[in-house]
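Remarks on the overall topology
Each chain, written out:
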Amino acid sequence: MKKMKEIADKTLSKVRREIREARKMKDTVSRLQKLRAIRNDTAEKRGQTFPPSVAEHFTAKTEDLIDLLSQQIQAFEKEEAALKLILETENEEAKERERAEKKEKERGVRQRELDEERQCLFGNLAMPGPGDPMQPFTQYYLQALGSLHALQSVRQGWDAFLVPEGTPLASRVPDGWVIPEPPSSSVWASVLQAKLS
């Protein structure tokens, strides 16, 4: 794609140069016609005359040349517009690719942050094996995936410790994560720190 863009850039600069040269030639021919008209007027004032066929031949040739140059300019301008469109399309595609890459990168960052948050809240999410002391607890909580009754039982067990008994609306599901409170004593904190490390 980059190579194609470089080729299109080179071609576009070449076309623009050709347009400038064609316009310059057309301007030169127009000036030549004016010069010829001035010289004819000067010659007539001196009494010199030229056959009408010479003037007609000159006019016909210069008009043909101007028409040819105008057609070339139009063709070059069409080619320039097409090349500009190609370059604009390529630039838009490049910007779209950059936006998609940026979006994908941001999505990856968000996913890593979410994974880190889950790791902080729930610890290692790997399923404990049969000899692991966490295996019975994991089985207990995973039973909620199997039946509605088990889900309600587990939820009631959780909800019992969320708020003090008798709190209005205590049985409703919390709006967000329930973050554990900091340890209530230094003894409990030392046990937690030892367990975490």
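Only a predicted model underlies this, so the values are computations on that prediction, with no experimental measurement involved. (Residues numbered from 1 in each chain as written. Predicted model: local features only at pLDDT ≥ 70, side-chain atom pairs only at ≥ 80, totals over all residues. Heavy atoms only, no water.)

So, about the packing of aromatic side chains. Enumeration over the complete set of coordinates arrives at zero aromatic pairs. The ring of F58 carries the charged tip of R36 above its face, separated from the ring centre by 4.7 Å. (Phe/Tyr/Trp six-rings, centres within 6.5 Å; stacked < 30°, edge-to-face > 60°. Lys NZ or Arg CZ within 6 Å of the ring centre and 35° of its normal.)

Okay, the pattern of salt bridges next. Tallying each qualifying case throughout the model produces seven salt bridges. Taking the shortest distance from any N to any O, the salt bridge between E96 and R99 comes out at 2.9 Å. Linking E96 with R99, this pair stays in helix α2 (residues 52-122), spanning three residues, or about one helical turn. Residue E96 is classed as partly exposed on the basis of its relative accessible area, which comes to 44%. Among the ionic contacts, a cluster of salt bridges with common partners joins R16, E80 and K84. (Salt bridge = Lys/Arg side-chain N within 4 Å of Asp/Glu carboxyl O. Helix = DSSP H or I, 4+ residues; strand = E, 2+ residues; numbered from the N terminus. Buried < 20%, exposed > 50% of the residue type's maximum accessible area, 1.4 Å probe, protein only.)

Take helix α4 (residues 148-159) next. In this model α4 runs 16 Å from its N-terminal to its C-terminal C-alpha over 12 residues, within 8% of the 16 Å that 1.5 Å per residue would give. Taken residue by residue, α4 has A150, V154 and D159 as its buried positions. Angularly, the buried residues of α4 cover 165 degrees about the axis, an arc narrow enough to put them on a single face. Opposite the buried face of α4, by more than 90 degrees, sit the exposed residues L148, H149 and Q156. On its buried face, α4 sits against α3 (135-142). (Expected span 1.5 Å × (residues − 1). Arc of directions from axis to C-beta. Contact = heavy atoms within 4.5 Å.)

Its place among the elements puts E80 in helix α2. Owing to a relative accessible area of 15%, E80 belongs among the buried residues under this scheme. With near-sequence residues (within four places) excluded, E80 lies in contact with L12, V15, R16 and I19.

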